[in-house]
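# Commentary on secondary and tertiary structure
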Amino acid sequence: MQFDLSTFMTLIGFGPTGWGGQLLRGALTTIEISIASYVLGMALGLVGCWAKLSGSPLAEKVAELYTTLVRAIPALLLIILLYYTGTALFDAAMGLIGLKGRITLSGFATVVFALGFIKGAYMTEVFRGAMVSVPRGIHEAGRALALPPLTRFRLVTLPLMLRIALPGLGNLWQSALKDSALVSVVGFEELLNVGKIAASQTKFYLSFFLLVAAMFLAISLISNLFIARLERRLNRGFA
């Protein structure tokens with residue numbers, strides 16, 4: 001189809017024949033998936049980091065198996081496996097405690113779990129590297145002040161660890177943002193899937209895909225500004 005600018009502007013507008021509203025909702029869904037899966041990944045990463053540094057052989061082996069499997073298997077394959085088996089496994093687990101049929105996983109929750117599970121493996125290594133980079137004297141100073149372990153971690157270790165880990169965490173955020181597009185293969189209506197539907201129905205394939213790429217780029221650039229500001233804040237007081 002020959003490109004016509006006026007027709008395309010109408011198609012991306014907010015009128016009855018425009019896709020503007022759906023594209024914005026798709027972008028919002030993409031951001032929601034990325035944030036939720038990123039937070040879940042951070043939680044899993046902290047647990048994995050603790051397991052690898054705990055000194056427990058069993059915990060270390062479980063964490064090592066987790067990170068090895070996730071890094072070895074393609075993300076797309078993991079998303080498909082977790083999406084189609086995660087709900088069944090969740091229902092089976094609920095059945096064991098007598099809650100089968102009362103609690104169900106939504107498509108959004110399943111997608112977030114799949115992406116969060118993948119990002120958690122990479123965050124495990126980022127946090128582990130940051131943790132071992134914190135000077136030993138910092139930990140000893142916290143113990144000398146008789147701070148409880150959780151308080152010592154929250155007030156002393158975590159801020160220093162986050163400062164060291166921030167570049168890696170920033171890269172993983174960008175990765176989570178891009179990987180959110182992979183959930184389009186399971187039919188979830190995020191930004192890329194909405195763009196594909198719009199392109200197939202209007203036949204403006206290149207135009208809609210370029211628009212989707214521009215929207216991803218805009219989200220990424222805004223994210224970079226936020227990460228840079230956070231980095232400046234965490235680096236205050238350091239030469």
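Before any of the text, the structure's been laid out above.
The notes below deal with the structure included here. These numbers come from a predicted model, not from an experiment. The residue numbers shown here count from 1 along each chain, following its written sequence. Given that the model is predicted, a residue must reach a pLDDT of at least 70 before its local features are reported, and side-chain atom pairs must reach 80 or more before they are shown or counted; all residues, however, enter totals for whole chains, interfaces and linings. To obtain the side-chain values, all non-hydrogen atoms of the structure were used and water was disregarded.

## Digging into the pattern of salt bridges
Any Lys or Arg side-chain nitrogen located within 4 Å of an Asp or Glu carboxyl oxygen qualifies as a salt bridge. Applying the stated criterion to the full structure yields four salt bridges. Notably, a salt bridge pairs Glu125 with Lys52, separated by 2.3 Å at the nearest N-O pair. Remark: Lys52 occurs in helix 2 (residues 20–53) and Glu125 occurs in helix 5 (residues 107–133); sequence separation between them is 73 residues. For the pair shown, Glu125 and Lys52 are each scored as buried. Of the charged contacts, one joins Glu125 and Arg128 as a salt bridge, the two residues approaching to 3.1 Å between their closest N and O atoms. With Glu125 and Arg128 both in helix 5 and three residues apart, this pair spans about one turn of that helix. Exposure categories follow from relative accessible area, calculated using a 1.4 Å probe and restricted to protein chains: below 20% of the type maximum is buried, above 50% is exposed, and the middle band is partly exposed. Among the residues examined, Glu125 registers a relative accessible area of 18% and is labelled buried. Residue class for Arg128 comes out partly exposed when judged on its relative accessible area of 30%. Put simply, DSSP marks the helices as runs of H or I at least four residues long and the strands as runs of E at least two long, and each gets a number from the N terminus on.

## As for helix 4 (residues 75–96)
Relative to the 32 Å expected for 22 residues at 1.5 Å per residue, helix 4 spans 30 Å between its end C-alpha atoms, a close match to the ideal helical length. Here the bend at each residue means the angle between axes fitted to two seven-residue stretches, the one ending at that residue and the one beginning there. A bend of about 40° at Thr85 is the largest found in helix 4. Of all the residues in helix 4, the buried ones are Leu78, Ile79, Leu82, Gly86 and Met94. A contact between two residues is defined here by any heavy atoms of the two lying within 4.5 Å. At its buried positions, helix 4 is contacted by helix 3 (57–72), helix 5 and helix 7 (149–179). Trailing helix 4 by a residue or two, Gly98 shows a phi angle of about 80°, which is positive. The length a helix should cover is 1.5 Å for every residue beyond the first.

## Comments concerning the environment of Asn224
Mapping Asn224 onto the fold places it in helix 9 (residues 205–234). Spatially, the C-alpha atoms of Asn224 and Leu206 are 27 Å apart, while their sequence positions differ by 18 residues.

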